[in-house]
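What follows is each chain in one-letter form.
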Amino acid sequence: MITIMKKPIFTLLLCASGMMGLQAQTLTFKTAKFKVGDEVGYKSPDFNATGWRDIRVTDNWDNQGVPADTRFAWYRIEMRLDKKMLEQSDLKEYLEFDLGPIDDADEAYLNGERIGKTGGMPGDKGGYASAWSQPRRYLVKADSKCIRWDATNVLTVRCYSGNHPGGMFGREGVRVRVPSRVDGTSFAISPQKHADKHSIAVELKSRYASSVSGTMKVELVDPETEEVVNTLNQKVSSLREGKPVKVNVEYDPSRMFLAKATFTEKKSGLSITSSYQPPYILTPPAPATPRFNTTDIYGVRPGSPIHFRFGVSGERPMKITSPDLPSGLSINPDNGALSGSLAKAGGYTFTVVAENAKGKAEQKFTIRVGSKIALTPPMGWNSWNCWGLSVTQDKVISSAKALIEKGLADYGYAYMNIDDGWEAPQRNADGTIAVNEKFPSMKELGDWLHSEGLKFGIYSSPGDLTCGGYLGSIDHELQDAESYNSWGVDYLKYDWCGYGRKHATEPDNQTVASFVRPYLLMERCLRQQPRDIFYSLCQYGMADVWKWGEAVDANSWRTTGDITDTWASMYDIGFVRQAALQPYAKPGHWNDPDMLIVGKVGWSANLRDSRLTPDEQYTHISLWTLLASNMLIGCDLAQLDDFTISLLCNNEVNAVNQDILGIQAKRDIVDGDIQIWTRPLSDGSRAVGIFNVGTEPQKVDFGKYLKELELEGISSVRDLWRQKNLSTSDLRYYIPTHGVRYLKVK
Ligand code: GLA
C-alpha cells in the first residue's frame with residue numbers, strides 16, 4: 001500500500017449545526033451488495049444483482065473473507081432519493097456522495113452514469129496509481145438527468161486494488177446528502193515561520209462554485225487554563241472554489257496552544273469548526289560552548305574497524321582531540337570521527353577534549369573490546385518511512401549531509417541505513433548481488449560515510465524477494481555478507497517477506513526452529529566477516545522472536561508489523577505490544593518497535609508532515625527512549641523543521657534511550673487513560689513517563705502513585721523535555737490529550 005496524502009496536518013473537521021439554520025438530511029449506508037470481478041454491465045441499474053453477496057463498506061474486503069489477491073470488484077447500493085432533501089438545503093445545487101477512502105482506485109456511477117473517479121487502474125492512460133487514503137466526495141448537479149428524484153437510484157462503485165488491503169473502508173460508511181453552503185467549506189491550518197516569527201496560517205476554502213459569506217473567527221487558547229490569548233475575527237464574502245480566505249495568527253512557539261477556527265455562514269447561521277495544535281518547542285537551545293551528547297561507552301569486537309563520531313554540540317568551528325588516545329586509533333579533529341581498530345580484548349578509557357571559541361569540554365570515553373557490540377540502542381536514519389522504494393544514493397548522501405549540517409550527528413545519530421529498493425533485478429554472473437542504477441557505488445558511499453564518522457546500513461531478505469519485490473539473499477547468504485563487508489556495511493536489516501513462500505512449504509513450519517533457521521544462517525555468514533555488522537531482524541515478531549533473537553546474536557528484532565504515522569498505529573505498537581517485552585531487552589540485544597514517524601514522511605516520492613499531533617510526537621519520542629528502542633529517524637532530513645529537530649535533539653531525553661544499564665521501561669501503572677512507564681538509570685535515578693492515552697486532557701497527581709512505584713521520599717524531579725527541575729512537593733501535572741510528562745526522578 002503506497003501512501004499518497006496531500007492533506008495538511010490538522011485535526012478533524014467538525015460540522016456543527018447552526019442555531020437557526022437548516023441541517024441537511026444525510027442518508028448513511030454501512031453495507032452494500034458486492035461482486036468480485038469486472039464487467040462493464042455491473043454499472044447498469046438494471047443489472048440483475050441477485051446472487052451478489054453482502055459486504056460492509058466500512059472495512060476492507062480482505063477482512064471480510066474476500067481473497068487478498070482480488071484486484072477488481074464492484075459495490076452496489078440501492079437508495080431512494082427524496083426530493084424533500086432539496087428543501088432542507090440552503091444551496092439546493094448538488095447531491096453529494098461521500099464514499100470515504102478506497103483501497104486503491106475507484107470509479108463511481110449513479111444509475112449507470114459516471115459521477116467520479118480517483119486513482120488509476122491498469123488500462124488507464126497513466127496506468128495504476130494508488131490513492132488509497134484519499135477521501136472520495138463526488139458531486140452531482142441536483143438537476144442532472146441521472147438523478148431519479150422520488151424513486152430508487154443505484155450507486156455502483158468499481159474498485160481496483162493493486163495490493164492488499166482492498167476496497168471501501170471509510171468508517172462512516174457511504175453518505176449521501178444535498179449539502180448546504182457551509183458543507184462545502186473547510187479549514188486547512190498549518191504552521192509558518194517567517195524571519196523568527198512563528199504563526200499559524202488558517203485557510204478557509206469552499207469546494208463549491210457558488211459564493212458563501214459569513215464570519216470567521218480564530219482563537220488561540222491555552223488548553224491548561226482555557227484562557228483565550230488571541231482572537232481574530234474576519235468578515236468573509238464571496239468565498240468559493242479556488243478563492244480561499246487566508247489569515248495568519250502569530251504565536252509563541254515555546255507555549256502549548258490550541259487554535260480554534262470557526263466559520264459561520266451568514267444566511268443559514270450554520271457553522272463549521274476545526275481545532276489544531278501548533279507545534280511547540282520544549283527543548284532549550286544548546287549552549288554555544290561544547291557539550292558532549294553521545295554515550296561514553298562503545299563496544300567493538302577485537303580487530304574490527306571502528307567508526308564512531310563524538311557527538312558534541314556547540315558553535316563551530318570546533319576541534320575534537322584526545323591527549324591519551326590508545327594506539328591504533330585516530331580522531332579527525334575537524335569532525336570528531338574516530339577510526340582505527342583494537343586487536344586485544346579489554347576496556348580502553350581515554351579523554352576526549354572539544355574546544356571552540358566559546359570554551360572547552362572534556363569527557364572520559366571507554367571502548368570495550370570484546371564479544372558485544374551495540375551496548376546502547378542504535379541511533380540514526382533509515383530511508384523507508386520517507387522515500388520507500390524511491391530511495392537513491394543521492395538521497396542517502398543528501399540525508400547524511402543534513403544529519404551533519406542540522407546537528408543531528410552531534411547528538412549521536414550515526415547509522416545511515418538504506419532500506420528496500422537498492423538491488424538490481426538480476427545477480428552478476430558469479431552470483432554476487434548487483435546494485436541498480438540508483439546506486440552507482442556502494443563502496444564509495446560506505447567510505448564517505450565512514451570518513452564522516454557515520455555508519456552504513458543496508459537491507460535484504462532471507463527469501464527470494466524483498467517486500468518491495470527486489471532480490472533477496474536466498475542461497476547467496478555468504479556471498480551477500482561478503483559483498484556487504486567489501487562495501488563497509490555496518491548494519492543489516494534482514495526482512496522475512498519473500499521467505500514466507502519457502503517457509504510455507506517446509507514440513508516443520510509450525511516449529512520455532514523453522515523461524516530461527518534463516519536468521520541463524522545469515523548470522524553465521526555475517527560473523528565470518530572481519531567487521532562488526534549490527535544484525536537487525538525484521539519478521540514482525542513471529543514465533544516470539546524476542547525469546548530467541550539473542551540466541552541468533554541479533555542486535556535487535558522488530559516486534560510488530562509496520563508502523564505508520566497515526567495515533568492508532570503508534571499506540572498499538574508502542575503501548576499495547578511492548579508492554580510484555582520488557583525482560584528481553586539488554587545491552588547488545590534490543591526490542592525494535594519500528595522506526596520513528598516524525599518529520600516529513602510518505603513511504604514514496606511524495607512526502608508530507610507526520611500526521612501525529614505535536615503532543616503525540618512528544619509521546620512517541622518519550623516512549624521510544626523509555627523502551628530502549630532503536631532510534632532510527634524515518635523522515636527526510638533535508639527538510640527538517642525546528643520542531644522536529646527539537647524532538648530529536650534533546651540530550652537529556654536521548655540520554656535515557658542510551659543509558660548504559662540498558663533496562664527497558666516497564667509499564668508500572670495503568671489507571672484509566674493514564675499510563676506510567678518507568679526505567680532505572682545508571683546514575684541511580686528513574687526515568688518516568690506519565691502518559692495520557694485518552695482523548696481528554698487530564699490533571700494528574702503523580703504523588704498518589706509514588707508508593708506503588710516505590711518512589712516515596714523523592715529528592716529531585718527533573719522535567720526532561722524542558723530540562724528544568726520541578727517542585728518535589730507539588731506533583732500535579734496537566735497532561736494534554738495523547739501527551740506526556742517526562743521526568744527523571746531521584
Ligand atoms: C517491510 C518492513 C519495512 C520495510 C519494507 C520494505 O514492510 O517491515 O520496515 O523494510 O518491508 O519493503
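Residues numbered from 1 in each chain as written. Predicted model: local features only at pLDDT ≥ 70, side-chain atom pairs only at ≥ 80, totals over all residues. Heavy atoms only, no water.

Details of the pattern of salt bridges
Line of reasoning, step 1. In this structure the tally under the stated criterion is 52 salt bridges.
Line of reasoning, step 2. The partner of D222 in a salt bridge is R255, and the shortest N-O contact between them spans 3.0 Å. Linking D222 in the loop between β15 (212-221) and β16 (228-239) with R255 in the loop between β17 (245-250) and β18 (258-265), this pair joins segments that are 33 residues apart in sequence.
Line of reasoning, step 3. By relative accessible area, which is 12% here, D222 ends up buried.
Line of reasoning, step 4. Where salt bridges share partners, they join D38, E107, R114, K117, D124 and R158 into one cluster. (Salt bridge = Lys/Arg side-chain N within 4 Å of Asp/Glu carboxyl O. Helix = DSSP H or I, 4+ residues; strand = E, 2+ residues; numbered from the N terminus. Buried < 20%, exposed > 50% of the residue type's maximum accessible area, 1.4 Å probe, protein only.)

What to know about the site of the ligand
Line of reasoning, step 1. Around the ligand, the surrounding shell consists of W384, D419, D420, Y459, C467, G468, K493, D495, C538, Y540, R558 and D562.
Line of reasoning, step 2. Within the contact set of the ligand, an oxygen atom lies 2.7 Å away from a side-chain nitrogen or oxygen of D420.
Line of reasoning, step 3. In isolation the ligand exposes 310 Å². Once the protein is present, 94% of that is buried.
Line of reasoning, step 4. Across the shell around the ligand, the residue classes break down as five nonpolar, one polar and six charged. (Near = heavy atom within 4 Å. Polar contact = N/O pair within 3.5 Å; in protein donor to acceptor, adjacent residues only side chain to side chain. Areas by Shrake-Rupley, 256 points an atom, 1.4 Å probe, with all protein chains shown as cover. Nonpolar A, V, L, I, M, F, W, Y, C, P; charged D, E, K, R; others polar.)

A few points about the nonpolar core
Line of reasoning, step 1. By size, the foremost hydrophobic cluster in this structure holds 103 residues, and its most contacted members are W422 and L648.
Line of reasoning, step 2. Top contributing element to this core by residue count: helix α7 (residues 512-527), with six residues.
Line of reasoning, step 3. Looking at this core, you find at least three residues from each of domain 4 (379-657) and domain 5 (666-745).
Line of reasoning, step 4. Membership of the second largest hydrophobic core comes to 35 residues, among which are M79, F97, Y138 and V174. (Core = buried A, V, L, I, M, F, W, Y, C linked by side-chain atoms within 4.5 Å. Domains from an automatic or database assignment.)

A closer look at the state of the cysteines
Line of reasoning, step 1. Taken as a whole and judged by the stated rule, the model has one disulfide.
Line of reasoning, step 2. The partner cysteine of C467 in its disulfide is C497, sulfur to sulfur 1.8 Å. Measuring handedness by torsion sign, the sulfur bridge of C467 and C497 sits at about 110 degrees and is right-handed. A residue pair is termed long-range when its members are at least 10 positions apart, and C467 in the loop between β31 (455-460) and α5 (477-487) and C497 in the loop between β32 (491-495) and α6 (499-505) qualify at 30 residues.
Line of reasoning, step 3. A residue is classified by how much of its surface remains accessible, and C497, at 27% relative accessible area, is partly exposed.
Line of reasoning, step 4. A disulfide-free cysteine, C146 has its sulfur positioned 19 Å from the sulfur of C159, the nearest such atom.
Line of reasoning, step 5. Judged by relative accessible area, which is 10%, C146 ranks as buried.
Line of reasoning, step 6. With no disulfide of its own, C525 has C538 as its nearest cysteine by sulfur position, at a separation of 19 Å. (Disulfide = S-S within 2.5 Å.)

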